[in-house]
Amino acid sequence: HLRLAPHVCTPREIADLLAHSRQLAPADDPRAETVTTVFALLACTGLRVSEALHPQRDDGDLTAGVLHIRQTKFRKARLVPLHPSAVAALQRYAAGRANPPTTGAAFFVCAGGRPLRYWQLRHAFQSIRRRLDWRSPRAHGPRIHSLRHAFACQRLLAWHHAGVDVETRL
């Protein structure tokens, strides 16, 4: 099995992805706002896609700026601190998804209050990737998981530039 080299999204690519994701659906369809919020959450936290798709309504303490991730890889749980800008975006999303109110426990929902599924997020990403004509010397080009790679690289560079011992932070 040949593992693809990771693509690290640039800040410009992330901005383009978010701008185009806002245009995915008509104004009365919550899908565009949901997909945009999930992509932004992935980019600013480094969450795995499955972790970002499964928060329940009560998994986030948006007052304290913490997201509780349950059932991560190897069935662990962890708390993810959120930047104030991410908290503000999640609060806006939560307020918008409450009007009209949705039933069910899922935080990220589509039309009819149904939870956002991986295949829907992947389809949206592929559609945007085609629109933006993202190509790569590798066969597959950027993937959703590339947002996680970008977060990790940006964090490592920030620690390095701040003079922090990166080894101890890892």
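Notes on the structure in this doc start here. These numbers come from a predicted model, not from an experiment.

**What about helix H5 (residues 118-132)?**
Then comes step 1: In a regular helix each residue adds 1.5 Å, so 15 residues correspond to 21 Å; H5 covers 21 Å between its end C-alpha atoms and thus fits that length.
Then comes step 2: For H5, the complete set of buried residues consists of Leu121, Ala124, Phe125, Ser127, Ile128 and Leu132. Viewed end-on, H5 has its buried residues packed into an arc of 160 degrees, placing them on one side of the element. Along H5, exposed side chains directed more than 90 degrees from the buried face belong to Trp119 and Arg130.
Then comes step 3: Once H5 finishes, Asp133 follows within two positions and takes phi at roughly 55 degrees, a positive value.

**Some thoughts on the pattern of salt bridges**
Then comes step 1: Scanning the entire structure with this criterion turns up four salt bridges.
Then comes step 2: Note that Asp16 and Arg12 form a salt bridge whose closest N and O atoms lie 2.6 Å from each other. With Asp16 and Arg12 both in helix H1 (residues 11-21) and four residues apart, the pair spans about one turn of that helix.
Then comes step 3: The class of Arg12 is exposed, set by a relative accessible area of 57%.
Then comes step 4: A salt bridge links Asp59 to Arg70; the nearest nitrogen and oxygen atoms lie 2.7 Å apart. Placement of Asp59 in the loop between helix H3 (49-53) and strand S1 (60-61) and of Arg70 in the loop between strand S2 (66-69) and strand S3 (78-81) is noted, with a sequence separation of 11 residues between them.
Then comes step 5: Ionic contacts of the salt-bridge type, sharing partners, join the residues Arg48, Glu51 and Arg78 into one network.

**Remarks on the packing of aromatic side chains**
Then comes step 1: Tallied over the entire structure, the rule returns five aromatic pairs.
Then comes step 2: Aromatic pair Tyr93 and Phe107: ring centres 5.5 Å apart, planes at 50 degrees, arrangement tilted. You can see Tyr93 sitting in helix H4 (residues 84-97) and its partner Phe107 sitting in the loop between H4 and H5, a full 14 residues away along the chain. For the pair Tyr93 and Phe107, one class covers both residues: buried.

**Thoughts on the nonpolar core**
Then comes step 1: Ranked by size, the top nonpolar core spans 38 residues in total, and within it Phe39, Leu42 and Leu121 carry the most contacts.
Then comes step 2: Elements supplying a minimum of two residues to this core: H1, helix H2 (31-45), H3, S2, H4, H5 and helix H6 (146-161).
Then comes step 3: The biggest single contributor to this core is H2, with six residues.
Then comes step 4: Sequence-distant contacts of Leu42, that is, excluding residues within four places in its chain, are made with Leu47, Arg48, Val49, Ala52, Leu121, Ile144 and Leu147.

**So, the state of the cysteines**
Then comes step 1: Taken as a whole, this structure holds zero disulfides when the rule is applied.
Then comes step 2: Not part of a disulfide, Cys110 finds its nearest cysteine sulfur in Cys44, a span of 19 Å.
Then comes step 3: Summary of cysteine pairing: Cys153 is not part of a disulfide, and the nearest cysteine sulfur, belonging to Cys9, is at 10 Å.
Then comes step 4: Taking relative accessible area as the criterion, Cys153 reaches 32% and is therefore assigned partly exposed.

**What about H4?**
Then comes step 1: In this model, H4 (14 residues) spans 20 Å end to end at C-alpha, consistent with the 20 Å of a helix rising 1.5 Å per residue.
Then comes step 2: Buried within H4 we find Ala86, Val87, Leu90, Tyr93 and Arg97. Down the axis of H4, the buried side of the element spans an arc of 125 degrees, and every buried residue falls inside it. For H4, exposure combined with an orientation more than 90 degrees from the buried face picks out Pro84, Arg92 and Ala95.
Then comes step 3: Lining the buried residues of H4 we find H2.

**Notes on the pairing of S2**
Then comes step 1: Of the two faces of S2, only the one carrying Leu67 and Ile69 is buried; Val66 and His68 on the other face are not.
Then comes step 2: Where S1 lies against S2, two bridges are found, and the strand directions are antiparallel. Pairing of Asp61 across the sheet is with Val66, part of S2.
Then comes step 3: Hairpin connection between S1 and S2: a loop of four residues separates the two successive antiparallel strands, and Gly65 in this loop has a positive phi of roughly 75 degrees.
Then comes step 4: As defined by bridge partners, S2 adjoins S3 across four bridges and the pair is classed as antiparallel. When the bridges of S3 are listed, Val66 appears paired with Pro81.

Criteria and thresholds
Residues numbered from 1 in each chain as written. Predicted model: local features only at pLDDT ≥ 70, side-chain atom pairs only at ≥ 80, totals over all residues. Heavy atoms only, no water. Helix = DSSP H or I, 4+ residues; strand = E, 2+ residues; numbered from the N terminus. Expected span 1.5 Å × (residues − 1). Buried < 20%, exposed > 50% of the residue type's maximum accessible area, 1.4 Å probe, protein only. Arc of directions from axis to C-beta. Salt bridge = Lys/Arg side-chain N within 4 Å of Asp/Glu carboxyl O. Phe/Tyr/Trp six-rings, centres within 6.5 Å; stacked < 30°, edge-to-face > 60°. Core = buried A, V, L, I, M, F, W, Y, C linked by side-chain atoms within 4.5 Å. Contact = heavy atoms within 4.5 Å. Disulfide = S-S within 2.5 Å. Pairing = 2+ DSSP bridges.

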